[in-house]
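# Examination of the molecular architecture
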Amino acid sequence: MRKPFAHQLRGLEQYKDGKNYFHWDTGTGKTYGALLLANSLNAKSLLVIAPKSAQPSWFQELQEFSFVPTIMTYEKFLREGESLNLFHFDFFIFDEIHRLKNIQAKTTRLALKLFAKIPPSEKIGLSGTPLDKHYEIYTQVKVLDFLYIEKIFGKWKDFKRGFHVDKWGNPV
């Protein structure tokens, strides 16, 4: 296994402190960092939800690890996600989690339904894309840590009232 970069090691430490979101610039090793994390947690089976364009990178990076991965696109997740409860995974990775920024979108609602009961210590979100709007983080963090977000910000209706957004998250 190759030597991780310093920021990847810091990411592992931050994860242990309860921060399960890697928001690093494009090309800085989020994929490898997430796999290092899953490896450090002794995960054997992974579910990776990633855009199709990112999948070659996942397959390349996975060669250094002994995971049993399931990799699916967000589109396939939307079509077949309900069947995932038939399988056991030790760790869940949402690559380009900014795809889940709209709390009303079908993909986001499915992710919330399927992953709300999974402990935050078993999932991580990755993104290198800046958030366009300050409230987009709400949905992403909610998928990763359902209880934490509501302790900090309350329910979505309270959050959107505080940030003056409509039910789709658009400024009003």
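All of the points below concern the structure found in this document.

Where helix α5 (residues 106-115) meets helix α6 (residues 136-144), the axes come as close as 8 Å, and the angle between the chain directions of the two elements is 30°. The angle between α5 and α6 places the two elements in the roughly parallel class. Residues T108, A111, L112 and F115 of α5 lie in contact with α6, whose contacting residues are T139, K142 and V143. Considered class by class, the residues forming the contact of α5 with α6 number four nonpolar, two polar and one charged.

This part is about α5. Extensive coverage of α5 is indicated by the burial of seven of its 10 residues. Every buried residue belonging to α5 is among T107, T108, L110, A111, L112, L114 and F115, and all of these are buried. Residues of α5 that are buried sit in contact with β2 (45-49), α4 (74-80), β4 (91-95), β5 (123-127) and α6.

Topologically, A50 is positioned in the loop between β2 and α3 (55-62). A relative accessible area of 0% means that A50 is categorised as buried. Along the sequence, A50 and D95 sit 45 residues apart, while their C-alpha atoms lie 4.8 Å from each other. For A50, the residues in contact, after removing those within four places along its chain, are Q55, W58, M72, T73, Y74 and D95.

What follows concerns the pairing of β5. Sheet faces and side chains relate simply in a regular strand, where the side chains alternate between the two faces. A large share of β5 lies buried, amounting to five of its five residues. Side chains of β5 alternate between two faces, with K123, G125 and S127 and I124 and L126 buried alike. What joins β4 to β5 is α5, and the crossover it makes is right-handed.

Parameters and conventions
Residues numbered from 1 in each chain as written. Predicted model: local features only at pLDDT ≥ 70, side-chain atom pairs only at ≥ 80, totals over all residues. Heavy atoms only, no water. Axes fitted to C-alpha atoms, helices over the stretch in contact; angles between N-to-C directions. Helix = DSSP H or I, 4+ residues; strand = E, 2+ residues; numbered from the N terminus. Parallel < 35°, antiparallel > 145°, perpendicular 65-115°, else oblique. Contact = heavy atoms within 4.5 Å. Nonpolar A, V, L, I, M, F, W, Y, C, P; charged D, E, K, R; others polar. Buried < 20%, exposed > 50% of the residue type's maximum accessible area, 1.4 Å probe, protein only. Right-handed = clockwise from strand over helix to strand, strands pointing away.

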